[in-house]
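# Chain and residue survey
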Amino acid sequence: MTLNPDHAAVFSPPAPGGRFAAGEDPAKRQQILAGAKRVFMKMGFDAASMNDVTREAGVSKGTLYVYFTNKEELFSAMIEAERAAFVAAVRTALAEHDDPEAGLYEFGISFVTHMTDEKVINAMRTVLGVRDRMPVLCQRFFKGPENLRTIMRDFLERHIAEGRFEIDDIDLAAGQFLDLASGSFFKLRLFGSMEEPPSRDEIERVIRGAIRVFMAAYGAPRHKTD
């Protein structure tokens, strides 16, 4: 699990002598979050305890509580780190392509592969399971200050400015591509109707079809897919 520097907590620099103040060591925080991820993914939120996390992360209970005051705060930090890392990876995938179809393809493959992965599905189920107790967490996880829709919107705005798309309602178009790309994979996986992630061939087939539909609707005349 990788913390995105744009979303990770801000830590104070090491004190003289190279030591961080209590609760300020990013490597130790990362170690705890990695252990917490393994515990929550294996046991679920309700069954997991802070003691389980201390054992899995290899830290003392005192150290754990210096960084996170309770299980809810720890779970929230883990989910936010996971979400931010994936969002950063997808943003990078889109930014690397000047060809809109190539960008949509890379985005779609990354998006569907990630969203149908067993660990991600389990995390989604866990988040949904605590939505009544932790509604802010659910809102942050699924909407967030920066999420897939905002990244897609930024991508579309760049290519509109460069004359590659003709789109009146960018928010609508961004949501439409996400729906086209995910097909029925995500819902089937989330609710247990599809036990295994789709194959790479099947993901590519759906993404290529999504791009054809999207480009036919929104591509500028010289970029439209026949």
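All residue numbers refer to positions counted from 1 along the written sequence of the respective chain. For this predicted model, a pLDDT threshold of at least 70 governs which residues receive local features, and a threshold of 80 or more governs which side-chain atom pairs are given and counted, while totals over whole chains, interfaces and linings are taken from all residues. Only hydrogens and water are removed before side-chain values are computed, so all heavy atoms of the structure are retained for them.

Within an unreviewed UniProt entry, the label attached to the chain reads TetR/AcrR family transcriptional regulator, and the organism entered is Rhizobium anhuiense.

### Notes on the overall build of the chain
Broken down by element type, the chain carries eleven helices and zero strands. A run of DSSP states H or I qualifies as a helix once it reaches four residues; a run of E qualifies as a strand once it reaches two. Both are numbered from the N-terminal end. When its helices and strands are written in sequence order, the chain yields α-α-α-α-α-α-α-α-α-α-α. Within the chain, buried positions represent 43% of all 226 residues. Whether two residues touch is decided by their heavy atoms; if any such pair falls within 4.5 Å, the residues are in contact. Long-range contacts, defined here as pairs at least 24 residues apart, represent 69% of the contacts in the chain between residues at least 6 apart. The buried label goes to any residue with under 20% of its type's maximum accessible area, the exposed label to any with over 50%, and the partly exposed label to all in between, with areas taken from a 1.4 Å probe on protein chains only.

### Topic: the packing of helix α5 (residues 100-115) against helix α11 (residues 200-218)
Axis definition: a line fitted to C-alpha atoms, limited for helices to the stretch in contact. Angles are taken between N-to-C directions and run from 0 to 180 degrees. It is at 9 Å that the axes of α5 and α11 come closest, and there the two elements cross at 135°. Relative to α11, the element α5 lies oblique. In this structure, α5 crosses over α11, and the sense of that crossing is right-handed. Taking contact as the criterion, the partners of E101, L104, Y105, G108, I109, V112 and T113 in α5 are, on α11, R200, I203, E204, I207, R208, I211, F214 and M215. Every angle not falling under 35 degrees, over 145, or within 65 to 115 is termed oblique; those three ranges are roughly parallel, roughly antiparallel and roughly perpendicular. For a crossing to be left-handed, the near helix must be turned anticlockwise from the far one by less than a right angle; the clockwise case is right-handed.

### Side note on the pattern of salt bridges
Pairing of side chains with opposite charge becomes possible as their charged atoms draw close. Any Lys or Arg side-chain nitrogen located within 4 Å of an Asp or Glu carboxyl oxygen qualifies as a salt bridge. All chains considered together, the criterion is met by 13 salt bridges. Linking R38 and E56 is a salt bridge whose minimum nitrogen-to-oxygen distance equals 2.6 Å. Placement of R38 in helix α1 (residues 26-43) and of E56 in helix α2 (residues 50-57) is noted, with a sequence separation of 18 residues between them. Relative accessible area serves as the criterion here: at 42%, R38 is assigned to the partly exposed category.

### Section: the side chain of S182
Tracing the backbone through its elements, the reader meets S182 in helix α9 (residues 170-182). Note on S182: relative accessible area 13%, which makes it buried. Each polar contact in these results corresponds to two N or O atoms within 3.5 Å; when the atoms are within protein, one needs to be able to donate a hydrogen and the other to accept it, and residues that are neighboring in sequence are counted only if both atoms are side-chain atoms. A polar atom in the side chain of S182 sits 3.3 Å from the backbone oxygen of D179. Look past the residues within four positions of S182 in its chain and what remains in contact with it is F111 and V112.

### Some remarks on the packing of aromatic side chains
Centres within 6.5 Å are what make two rings of Phe, Tyr or Trp a pair, Trp counting through its six-membered ring; a difference in plane orientation under 30 degrees is then read as stacked, over 60 as edge-to-face, and the rest as tilted. On inspection of all chains with the given rule, the structure shows eight aromatic pairs. On the numbers, 5.9 Å between centres and 20° between planes, the contact of F107 with F111 is stacked. Residue F107 and its partner F111 are located together in helix α5, separated by four residues, close to a single helical turn. Taking relative accessible area as the criterion, F111 reaches 8% and is therefore assigned buried. Definition used: whenever NZ (Lys) or CZ (Arg) falls within 6 Å of the ring centre and also within 35 degrees of the ring normal, the charge is taken to sit over that ring. Cation over ring: K71 sits above F45, and NZ or CZ is 4.5 Å from the ring centre.

### Observations concerning the nonpolar core
What is meant by a nonpolar core is a set of buried Ala, Val, Leu, Ile, Met, Phe, Trp, Tyr and Cys residues, joined one to another through side-chain atoms within 4.5 Å. Grouped together as the largest cluster of nonpolar side chains are 37 residues, with contacts concentrated most on L104, F107, L156, F165, F177 and F214. It is α11 that contributes the most residues to this core, eight residues altogether. Residues contacting F165, with those up to four places away along its chain left out, are P100, L104, F155, L156, H159, I160, F214, M215, Y218, G219 and A220. Grouped together as the second largest cluster of nonpolar side chains are 26 residues, A57, L74, V130 and C138 included.

### Details of the UniProt feature "DNA-binding region" (unreviewed entry) in the chain
UniProt positions are given in the numbering used here, feature names are shortened, and annotations may be inferred rather than shown by experiment. When the UniProt feature table is mapped to this numbering, "DNA-binding region" (unreviewed entry) covers residues 49-68. Secondary structure content for residues 49-68 is 75% helix and 0% strand, while the C-alpha to C-alpha distance between its ends is 13 Å.

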